[in-house]
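# Structural features, examined
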Amino acid sequence: PYCEFIKWRRDFVPPKSGTLVGRSLEFARRHVERMPAQNPFPRFKARFERDIDALVCKSLCFHDYSFANLRQFGACYELAATWLRWLAGHGIASVEEPATALQAIAEGAKAFQFQLARAVARGRTLDTAPLDTMATQWDMAMEPLRKRLA
């Protein structure tokens, strides 16, 4: 199990809705500036293809590898999709399509993680085509976000 603890300041007053949206967009602009210039999925796929044999032979721990990669980026993209849908619900336009693409990455990562578990358990290789699909979805999300939030 994994959990985080958050210390809540007693004097903290949450910002009002409009202020919260504005602050959220400020943070988003900073994050957009830090986004990779190139899609990270082709690099991940190349690395994954080098690592798959070690996973199948069990010289790499499946659980550590899967959690540190597929589970983490899947969770992060799902959180980003949720945030974009929250923005859309507060009247911010042009974020629905990127939200859909990011949600698709999250769901793809989850499915790929299960496929990897089966491949490792059976000692078989794995089709990495889902990583190409995630790369396409990344482009579908990031280009509109760069334009909208830059």
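None of these values were measured; they are calculated from a predicted model.

## Observations concerning a nonpolar patch on the surface
Together, Ile6, Trp8 and Phe12 line one region of the surface with nonpolar side chains, adding up to about 400 Å² of accessible area. For tryptophan 8, the position within the fold is in the segment before helix 1 (17–34). By relative accessible area, which is 61% here, tryptophan 8 ends up exposed.

## Here's the deal with the pattern of salt bridges
Considering all chains together, one arrives at five salt bridges under this definition. For the salt bridge of arginine 9 with aspartate 11, the shortest nitrogen-to-oxygen distance reads 3.2 Å. Judged by relative accessible area, which is 55%, aspartate 11 ranks as exposed. A salt bridge links arginine 47 to aspartate 51; its shortest N-O distance comes to 3.1 Å. A residue pair is termed a helical-turn pair when its members lie 3 or 4 positions apart in one helix, as arginine 47 and aspartate 51 do in helix 2 (residues 41–56) at four residues. Since its relative accessible area comes to 44%, arginine 47 is described here as partly exposed. A relative accessible area of 8% means that aspartate 51 is categorised as buried.

Calculation notes
Residues numbered from 1 in each chain as written. Predicted model: local features only at pLDDT ≥ 70, side-chain atom pairs only at ≥ 80, totals over all residues. Heavy atoms only, no water. Patch = residues over 30% accessible without salt bridge, like charges linked within 9 Å, V, L, I, M, F, W, Y side chains within 5 Å. Areas by Shrake-Rupley, 256 points an atom, 1.4 Å probe, with all protein chains shown as cover. Salt bridge = Lys/Arg side-chain N within 4 Å of Asp/Glu carboxyl O. Helix = DSSP H or I, 4+ residues; strand = E, 2+ residues; numbered from the N terminus. Buried < 20%, exposed > 50% of the residue type's maximum accessible area, 1.4 Å probe, protein only.

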